[in-house]
Amino acid sequence: MKLAGVKSVERAHEESVWTVAWIPPTDSRSALILTGSLDETVKIWRPDELDPVGTNTGHCLGVVSVAAHPSGSLAASASLDSFVRVFDVDSNATIATLEAPPSEVWQMQFNPKGTILAVAGGGSASVKLWDTATWQLIDTLAIPRPEGSKPSDKTGSKKFVLSVAWSLDGRRLACGSMDGTVSVFDVARAKFLHHLEGHSMPVRSLVFSPVDARVLFTASDDTHVMLHDAEGRSPIGAMSGHASWVLSIDASPDGTAVATGSSDRTVKLWDLNMRAAVQTMSSHSDQVWGVAFRPSGDTSSRGGGRLASVSDDRNISLYNYS
Amino acid sequence: MASVYIPVQNSEEEVRVVLDQLPRDASDILDILKAEQAPLDLWLIIAREYFKQGKVEQFKQILEEGSSPEIDEYYGDVRYERIAILNALGAYHSYLGKIETKQREKEEQFILATQYYNKASRIDMHEPSTWVGKGQLLLAKGDLEQAFSAFKIVLDGDRTNVPALLGQGCVEFNRGRYSQALDLYKRALRVYPNCPGAVRLGIGLCRYKMGQFDKALMAFQRVVQLDPENVEALVAMAVMDLHTSQGPGVRRGMEYMQRAFEIYPYCAMSLNYLANHFFYTGQHFLVEQLTETALAVTNHGPTKAHSFYNLARSYHSKGDYEKAGLYYMASVKESSKPKDFILPYYGLGQVQLKLGDYRSSLSNFEKVLEVHPENSETLKVIGHIHAQLGQTEKALDFLRKATKVDPRDAQAFQDLGELLISSDTGAALDALKNARGILSKSNEQPSVELLNDIAVLHFDRGELELAERSFREALGDGIWKTLIDSRPGSYAISSTASVHWYKDKQLFHQLEKDGFLVELPWRKVSILFNFARLLEELHKTQDAVMLYRLIIYKYSEYADAYLRLAAIAKAQNKIHSSMEMVSDALKVNEKCPTALAMLGSLELKKDDWVKAKETFRAASEATDGKDSYATLSLGNWNYFAALRNEKRAPKLEATHLEKAKELYSKVLAQHHANLYAANGAGLVFAEKGQFDVAKEIFTQVHEAASGSISVQMPDVWINLGHVYFALGNYSLAVKLYQNCLRNFFYNTDAQVLLYLARTHYEAEQWQDCKKTLLKAIHLTPSNYSLRFNAGVSMQKFSASTLQKEKRTADEVRRTVSELTNAVRVFSQLSAASNLRIHGFDEKKIETHVGYCKHLLEAAKVHCEAAEREEHQNRQRQELARQVTVAEDARRKAEEQRKLQLERRKQEDELKRVMQQEQHFERIKEQWKSNPSGSKRKDRLHADDEDVSHDKRRRKGGKRRKKDKSSKSRYEILEEEADMIDDHEEGEYDETNPSYQENLQHEERENVQDAEGNNSPELFVAAGLEDSDADEETAAPSASATRRRRAWSESDEEEGQVKSSPVREKSTENQVEREEGERTNDED
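Residues numbered from 1 in each chain as written. Chains lettered and ligands numbered in written order. Predicted model: local features only at pLDDT ≥ 70, side-chain atom pairs only at ≥ 80, totals over all residues. Heavy atoms only, no water.

1. Here's the deal with the overall build of chain B
Helix and strand content of chain B: 50 helices and 2 strands. Sorting the 1083 residues of chain B into buried and exposed places 50% on the buried side. Partitioning the contacts of chain B with sequence separation of at least 6, the portion at a separation of at least 24 is 58%. Taken as a whole, chain B presents about 52100 Å² of accessible surface, with 50% of it coming from carbon and sulfur. (Helix = DSSP H or I, 4+ residues; strand = E, 2+ residues; numbered from the N terminus. Buried < 20%, exposed > 50% of the residue type's maximum accessible area, 1.4 Å probe, protein only. Contact = heavy atoms within 4.5 Å. Areas by Shrake-Rupley, 256 points an atom, 1.4 Å probe, with all protein chains shown as cover.)

2. Some points on the sheet that holds strand β11 (residues 116-120) of chain A
All names here are of chain A. Ordered by their spatial adjacency, 4 strands build an open sheet running β10-β11-β12-β13, and the pairing between neighbours is antiparallel. What marks the edges here is a single partner per strand, and that holds for β10 (108-110) and β13 (137-142). Neighbour-to-neighbour, the strand axes of the sheet open up by a mean angle of 20°, direction not taken into account. (Pairing = 2+ DSSP bridges. Axes fitted to C-alpha atoms, helices over the stretch in contact; angles between N-to-C directions.)

3. Some details on the interface of chain B and chain A
Taken together, the contact between chain B and chain A spans 41 residues of the former and 54 residues of the latter. Around 4100 Å² of area is buried between chain B and chain A when both sides are counted, 57% of it from carbon and sulfur atoms. Broken down residue by residue, the surface that chain B buries against chain A is led by Tyr746, His778 and Arg824 of chain B, which jointly contribute 17%. Summed over the shared surface of chain B and chain A, the number is 4 salt bridges. Two residues, Lys770 of chain B and Glu40 of chain A, come together in a salt bridge whose shortest N-O distance is 3.8 Å. (Buried area = accessible area lost by both parts, 1.4 Å probe. Salt bridge = Lys/Arg side-chain N within 4 Å of Asp/Glu carboxyl O.)

4. Focus: the packing of helix α26 (residues 464-475) of chain B against helix α30 (residues 525-537) of chain B
Residue and element names in this part refer to chain B. The N-to-C vectors of α26 and α30 enclose an angle of 150°; their axes lie 10 Å apart at closest approach. With respect to α30, the element α26 is oriented roughly antiparallel. Handedness of the crossing formed by α26 with α30: left-handed. From α26, Leu464, Ala467, Glu468, Phe471, Arg472, Ala474 and Leu475 reach across to α30, where they touch Ile527, Leu528, Asn530, Phe531, Leu534 and Glu537. Across the contact of α26 with α30, the residue classes tally to 9 nonpolar, 1 polar and 3 charged. (Parallel < 35°, antiparallel > 145°, perpendicular 65-115°, else oblique. Left-handed = near helix turned anticlockwise from the far one by under 90°. Nonpolar A, V, L, I, M, F, W, Y, C, P; charged D, E, K, R; others polar.)

5. As for the UniProt feature "repeat: WD" (unreviewed entry) in chain A
UniProt records the feature "repeat: WD" (unreviewed entry) at residues 10-45, 56-97, 154-195 and 239-280 of chain A, using the numbering of this structure. When the span residues 10-45 of chain A is considered, its composition is 0% helix and 47% strand, and the gap between its end C-alpha atoms is 13 Å. (UniProt positions renumbered as here; feature names shortened; annotations may be inferred.)

6. Regarding the packing of aromatic side chains
Counted by the stated rule, this structure contains 15 aromatic pairs over all chains. Each ring, one from Tyr315 of chain B and one from Tyr327 of chain B, has its centre 5.6 Å from the other, and the planes form 5°; the classification is stacked. In this pair, Tyr315 of chain B sits in helix α17 (residues 301-318) while Tyr327 of chain B sits in helix α18 (residues 321-335), placing the two residues 12 residues apart along the sequence. Within the aromatic cluster, the residues linked to one another by ring pairs are Trp106 and Phe160 of chain A together with Tyr784 of chain B. For the cation-ring pair, Arg294 of chain A lies above Trp22 of chain A, with the distance from its terminal atom to the ring centre recorded as 5.9 Å. (Phe/Tyr/Trp six-rings, centres within 6.5 Å; stacked < 30°, edge-to-face > 60°. Lys NZ or Arg CZ within 6 Å of the ring centre and 35° of its normal.)

7. Topic: the environment of Ala174 of chain A
All names here are of chain A. Within the secondary structure layout, Ala174 lies in strand β15 (residues 172-177). Measuring from C-alpha to C-alpha, the distance between Ala174 and Val127 comes to 9.3 Å, with 47 residues separating the pair along the chain. In this view, Ala174 contacts Ser163, Val164, Ala165, Val182, Ser183, Val184, Leu206, Phe208 and Leu216; residues no more than four positions away in its chain are not counted.

8. Details of unusual backbone geometry
All names here are of chain A. The linkage connecting Pro47 with the following residue, Asp48, adopts the cis geometry, with an omega of -5°. In this structure, Ala190 takes a positive phi of about 50° despite not being glycine. Mapped onto the elements, Ala190 comes out in the loop between β16 (182-186) and β17 (191-196). On the basis of relative accessibility, which here comes to 32%, the residue Ala190 falls in the partly exposed class.

9. Here we look at the sheet that holds strand β26 (residues 288-293) of chain A
Residues and elements named next belong to chain A. Taking strand neighbours across the sheet as the criterion, the 4 strands line up as β1-β28-β27-β26 in an open arrangement whose pairing is antiparallel. At either margin of the open sheet sits one strand with a lone partner, and together these are β1 (3-9) and β26. Going across the sheet, the axis of each strand differs from the next one's by a mean of 20°, ignoring polarity. Two strands pair when backbone bridges link them, and β1 and strand β28 (residues 316-321) are joined in this way by 6 bridges, in the antiparallel orientation.

10. Here's the deal with the confidence of the model for chain B
All names here are of chain B. Taken residue by residue, chain B gives an average pLDDT of 72. The fraction at 70 or more is 80%. Across chain B, the element-wise mean pLDDT spans from 35 in helix α49 (residues 991-1013) up to 88 in helix α43 (residues 766-779). Per-residue pLDDT stays below 50 along residues 488-500; that stretch engages in 23 contacts with residues further than four places along the chain or on separate chains. Counting interchain partners and residues more than four positions distant, the pLDDT-below-50 stretch residues 931-1083 has 250 contacts. Scored by ipTM, the complex comes to 0.92, with pTM at 0.65. (pLDDT = per-residue confidence, 0-100.)

11. Comments concerning the state of the cysteines
All names here are of chain B. For the structure shown, the criterion picks out 0 disulfides over all chains. Unpaired in terms of disulfides, Cys170 finds its nearest cysteine sulfur in Cys206, a separation of 9.4 Å. Residue Cys170 is classed as partly exposed on the basis of its relative accessible area, which comes to 24%. (Disulfide = S-S within 2.5 Å.)

12. A word on the confidence of the model for chain A
Per-residue pLDDT for chain A has a mean of 87; in total, 93% of the residues score no lower than 70. In this model residues 149-157 of chain A is a low-confidence stretch, pLDDT under 50, and it forms 9 contacts with partners more than four residues away in sequence or in other chains.

13. Observations regarding helix α39 (residues 691-706) of chain B
The periodicity of an α-helix, 3.6 residues per turn, causes residues three or four positions apart to be oriented the same way. All names here are of chain B. Helix length check: α39 (16 residues) gives 21 Å between terminal C-alpha atoms against 22 Å at 1.5 Å per residue, within 8%. Those residues of α39 not exposed but buried are Phe691, Ala694, Ile697, Phe698, Val701, His702 and Ala705. Seen from one end, α39 has its buried residues packed into an arc of 135°, which puts them on one side. Away from the buried face of α39 by more than 90 degrees, exposed residues Asp692, Gln700 and Glu703 are located. The secondary structure elements touched by the buried residues of α39 are α38 (675-687), α40 (714-726) and α41 (730-744). (Expected span 1.5 Å × (residues − 1). Arc of directions from axis to C-beta.)

14. Overview of the pattern of salt bridges
Inspection of every chain in the model, using the stated rule, returns 27 salt bridges over all chains. Between Glu104 of chain A and Arg787 of chain B there is a salt bridge, with the nearest N and O atoms lying 3.9 Å from each other. Highlighted residues: Glu104 of chain A in the loop between β9 (94-98) and β10 and Arg787 of chain B in helix α44 (residues 784-803), drawn from two different chains. Both residues of the pair, Glu104 of chain A and Arg787 of chain B, belong to the buried class. It is possible to trace a salt-bridge network through shared partners that takes in Arg172, Asp186, Arg189 and Glu231 of chain A.

The following block contains the structure:
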């Protein structure tokens, strides 16, 4: 497996680019890339040339997360002011504005069926689930407080939820928090199942394997990437190689590799069979906040997969994955 | 059959005496000789015959009788024979004297000999044979000068006097003038070609000494031809053969030697050589016997020295250093001139070195070096001794010389490299690489230690890949390769599952079960450890962990491996596991200062202050206060403690600071170049407000730290930034913070971002401040104080924009949106505070929310005004545009109709436009004067309070209220500071009062302004200043905490990281050294 640079856009945004996601193709167009930045804008790009398609404004403070609906027609963006804006990709019409105070908004993800949007709720120590038809809050998956903790305890902030991920079958949801714990929920019963141990520093990104609903990859500030069995609680393995925080992780559609972006300014490609980094891309000059593989559905583009990465250096890079 | 005839007195008869059958009792002959008054030459002949037959007593008896006074009287006129008898006696006694070993008897014999010669001289002053005898005597006594003159007298009279020539030759030989000696011997041979072999022996020896070995050999062979039993010649030939050092030569030499030994078993020289031979064949018993015999039979200094040397060497090789030393000493004493026989000095030096007497050893080796200034072995040994004595410079000189003398000496390069490691890593690396190059050229396997040293040096210089290659070469194949390279995935799975994973031996048992050989030779442990350190540095943490576990599995006493695992766990914030591993390390050695220091830092991290202090103290005590790390930690502890106290007790603070300073100074006194101590001292100065001193110190530390690759010291960047900040040099502070972030933290440190934001804030760069804070929030989302600060910065931005004289509608609009954001941020915080997620006081946030809302309303009015203005501007522009359009149309019409009137009409139009413009200007003026009125209105709208007529009193009341609230806010912010890092109070305590002063001052100003202006908006400004002060104090306290934390952490880590490899290295070196000594011994 190999990554090869396809295209880079310098100064894609005015400020640090913090988040990236692929919008699946629709009947009328191919897949698009969605990015969000500290400059309060959300931009849409058309690969492989990375032509700017549109710029959405309306967010205040930085845009921390973007997510695209599996249908490819809808997308959501969230900013530091804790608003989630749901919009139509092609028309940029606002469909809904979501907020659930006092819960902040961090990472978001639509479930594979596209019926639920899960939003990491920060200090509320919970994940909020929104119905994508009515845009009503349907559930709050709260991480149980550790036993014996007093309400006055300041540990509340430790379960600060940063990241969410849906399992392949949409039955499980995992979220990562500031203290490194990863919590797994049974979505159907809205029930907390267990914690996954291994990290003791913030888990800013996590992703389920696109081929195995049980396998979960987590990226943490402790510079490690861990492989978990989401059902079995026990870590399958750990991979080290980054020099600083691992900020983002995504799994390749074929399930044989993961890509990570790190504060050490690199993007690494990991071979899951070898359990080792097989390639390190150093095209960015600052923290790499987001990496995203193009989902497998799209066949319109020329051969090979695509990986996009975004960084504090304001650039977007696109790679060919083969 | 030879016989002599003694003439019978007064008759023709003679008495025939068969020389073979001389009577046992010499008195019989004497009686005859006396009775018959036989001529004296007969006496001499008979005496000589006795001597030849070995009957020394009879010989003496006859000659003594023959030299008695009666004889003198009787044979008064027979001079020559009388002299001959005396000379014979003299020669006999000088021979006795010569071979006598006891000094007193020797003297006596010489005295007797002298008496006889003197007596002979009295008979005839000029008899040459007497002079020759005297010369021989003097020679025997070792008095070369007088012997020389004695022989000279003879030779002056008779140039062909053979005995004199031989004597003189001997003198010259002993004086070391071999060519002169050779001449003399040759002369003697020419005069007397049939002389005994001994003469040729002299020639041979001279030739030998002159280095003409072939001719020497010929001479010796001739001697042996003439006299097959000539021991000296045999020995000489043997020696020459032995010196060829080749198999057949040595064998032939030994045959000669054996022959000589059989002929005469008491020749010390041959005994020595035989001993030497048996030393090499390892027959130490024979060596001792032979040398002891040699010592018993000879009195000749150099020969004895040789014998002692042989004996010493025998003991030396048997490892009996005491005895060897004694005999070497004896040997040295015998030879007295190092130039002649240097070997015992070398041996003595070695033995003394072995026994640890470096100074004596050094002086002996130096003597060797005087004689052989280019001997690389000696140079190396001297270098080594200097190194042992701590005289590194000298040691380096000698080793460099050794490498120059023999550029193919890998050992010399290795020694040199090892010595250079501490001073000049680059040169050390070069030397070691040279050593490796030499070894590989000669197809030798470089030693594991050498490769390790090279790898460690590469490591230190940051050449990690080269280091890895060397480590791998040093380690070779083994289970470790299986562990890190082939990645037996199935084994690694459950390895990190539990807290106790590092103790889990399952993996290794499994490996063993699967047929892998889990072995780790002891000499490779250190290298493996170093390699693991390297893997850590390469961020292959998992592999490193594996190796550490392997080390612990095989050698559970290896504390450093526990400590590294603890450090790895600590870096991953797994405090609990880390603690456990440290305690395991402490089980190995409860006084291990490194482990204690680590424990201390972990306790600090757990906020266990009292315990931490005790631990640090224990660490310090474990090393008698010599471990600067422990002392530094204590200093840091005191520094933190000074600022920790929530109820700011100046006294306690001062004591703690003083104590901290004392500890830092102590470390500085021990290690002048300790950056961390200097940094600490700088901190204390900064803390006391002596920013100039602090700046000076930090600048120096900063320079030193940036000049070195191995020192990672972000704290000094931050501290220097703080000082610049305190001195008001914001742009420099910003630069330092930014560089620090980029160079050390991969831009991930929110705390430094906070400093940066604070600096921007102070420099009134609101947008930069906000952006920085937003980035910080993004990095540490759960830090709500950052949000609070962001809110404040937006509020401040808005307020400052509103205060501006000129502003565009855009600006005002932005202000409005910023205020909306601020309100949102504050309200969110307020809502969150219900959940007790953070520790802010609700009221305080409410105040901010209220204020922002108020400001927002005010701004909205401004915004409306500005928009109105803009709107009108637009209208005006529209109007102007319409006018132009109209004019255009008209002009076109005109053009078509009245081309000739065009110019005039245009001028008219222009005038009209001008007038219109003026009109608009007037309108604009009107608008400009409006704001004050509208502001007043705003104020009235905004304040629900009844605006009393007495404005003055109202103001006063408000001011008091503000003072009160500001006070309460200070209390609040104390809690807030707490919340920010669960630590303690602000560092710039002195800034607090000054801010307060500022505040009051500003308020005063405001009041005055208000009095003059009656502008209520200034109150608003005053309120703003107030909330500023809040933020102000919050930020520095946070920064203080941070700085402290950064300080301790990186400090600890550094200490930890550094200390381990260094310690490793030192043990390696020790191993090396011992090996080096062993090789020296074998020399």
